[in-house]
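So the chains spell out like this:
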Amino acid sequence: MANKCEMKQERVLGGEEDFLCCVLRVGLFSLPFSSGIKDVSHQVSPVRQRKATMMISFLVLALLVSPVAPSVSTPSALLEVTSGHSRVFSGERVQLRCSVADGHKSTWSYLWFKDSKLLSQNSETLTLKGSIDDSGALQCQGVRDTAVGNIYTNKSLPVDINVDGGWAILEGPLHPTLVGEALNMTCRVRGRPRLHEVILYKDGVEVMTQSDSSPHLHLPCLNLTDQGLYSCRASWDVNRQTHSGISAGIQVQVLELLTQPVLEIVAGNNVLGVDLMKLICSLQYNARAPAPPIHYYFYKDNSRMGTATSENFTLVRRTPGLYSCKAKVPHLGLSKWSEVETFGE
């Protein structure tokens, strides 16, 4: 194209094709447009110039809006315990399964890691035989062969496997519990003998004694003070002799359903300009899915500014005053206020 353009500039330019070719050569590859157009445009009629300019506009527009292949996010591997428990006695088996949800039903191979070190296993499942050395943080990763080489998923979230050589294991929730929920735990004893007493401890202090054969422990209606390190002691009889075992501690985390909001005032931003400021009501909402919606309210000098919104921010005029916000979950009858923030005084 460049050679053709150069050849045509050696003669008098007289048609739309000549003018178009010159504009392409000068304009597209030497932005901003050079003065070369002016040097030749007087030799082309205004009508033809307009036609050629329109052709150039359509060409440039086509280049700018040409479809681009959408970016594809890297899938993540999912690791789950399918048999046994994450805390087991030595000699007990644990089976884990790795999967990849890529939406295309692709065939994957798998890489397994313990404490970030690559294992020799490459199948979909991994079976641990319960040796003390099996303890650690397990992860997996999907890999598949393609025409352009191997494609890898993101690694799964780690699953901590604890192999215990003692007599008692306390099994508790794998995820944080919420204020108001119940805490259910099991004091499991090797060999599953008939128990005659189970004691539950929190941070080394006895909180519950159960004098029946059930290893299951239940604490109703948790609050934030129930968070801590829990362990259990179990007692049982064998051949008229009393045996007991105490478990290792497990951490129990208790979260508020709705934390106290924190109001942030953003002013002096070039994007907002000098007349506006942004109020941001930040909090942590830990409701189980599907979570009921939150309504946000903003206040100045104890007077509400506008109606409730599902967004945690609003734009207001930049004026001095005492500002606050409130978060409310009507479905749960729950609401919390932020501290009052002073602006411009």
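Just so you know, these numbers come straight off a predicted model, no measurement behind them.

S.K.: Please set out the confidence of the model for the chain residue by residue, giving values where relevant.
M.R.: With 79% of its residues at a pLDDT of 70 or more, the chain has an overall mean of 83. Highest mean pLDDT in the chain belongs to strand S22 (residues 295–300) (98); lowest belongs to helix H2 (residues 16–28) (40). Counting interchain partners and residues more than four positions distant, the pLDDT-below-50 stretch residues 1–42 has 52 contacts. A low-confidence stretch, residues 60–71 stays under pLDDT 50, and its non-local contacts, those more than four residues away or across chains, total 1 contact.

S.K.: So what's going on with the packing of aromatic side chains? Which residues, and what values?
M.R.: In total, this model carries 2 aromatic pairs according to the counting rule given. Where Tyr299 meets Trp337, the ring centres are 4.7 Å apart and the plane angle is 45°; that geometry is what we call tilted. Within this pair, whereas Tyr299 is found in strand S22, its partner Trp337 is found in strand S26 (residues 334–337), the two being separated by 38 residues in sequence. For Tyr299, a relative accessible area of 9% puts it in the buried group. Residue classification places Trp337 among the partly exposed residues on the basis of a relative accessible area of 41%. Across from the ring centre of Trp108, 5.2 Å away, lies the NZ or CZ of Arg144, which sits over that ring. Sitting over the ring of Phe313, Lys278 keeps its end group 4.5 Å from the ring centre.

S.K.: I'd like a rundown of the state of the cysteines, residues and numbers included.
M.R.: In this structure the tally under the stated criterion is 3 disulfides. Sulfur-sulfur distance for the disulfide between Cys98 and Cys140 comes to 2.1 Å. Here Cys98 and Cys140 share a disulfide; its torsion about the S-S bond, 80°, makes the bridge right-handed. With Cys98 in strand S3 (residues 94–100) and Cys140 in strand S7 (residues 136–146), this residue pair connects regions lying 42 residues apart in the sequence. Each disulfide pairs two cysteine sulfurs, and for Cys281 the partner residue is Cys325, the sulfurs being separated by 2.2 Å. Judged by the sign of its S-S torsion, about 75°, the cystine formed by Cys281 and Cys325 is right-handed. Taken as a pair, Cys281 in strand S21 (residues 276–282) and Cys325 in strand S25 (residues 321–329) lie far apart in primary sequence, 44 residues in all.

What counts and what doesn't
Residues numbered from 1 in each chain as written. Predicted model: local features only at pLDDT ≥ 70, side-chain atom pairs only at ≥ 80, totals over all residues. Heavy atoms only, no water. pLDDT = per-residue confidence, 0-100. Helix = DSSP H or I, 4+ residues; strand = E, 2+ residues; numbered from the N terminus. Contact = heavy atoms within 4.5 Å. Phe/Tyr/Trp six-rings, centres within 6.5 Å; stacked < 30°, edge-to-face > 60°. Buried < 20%, exposed > 50% of the residue type's maximum accessible area, 1.4 Å probe, protein only. Lys NZ or Arg CZ within 6 Å of the ring centre and 35° of its normal. Disulfide = S-S within 2.5 Å.

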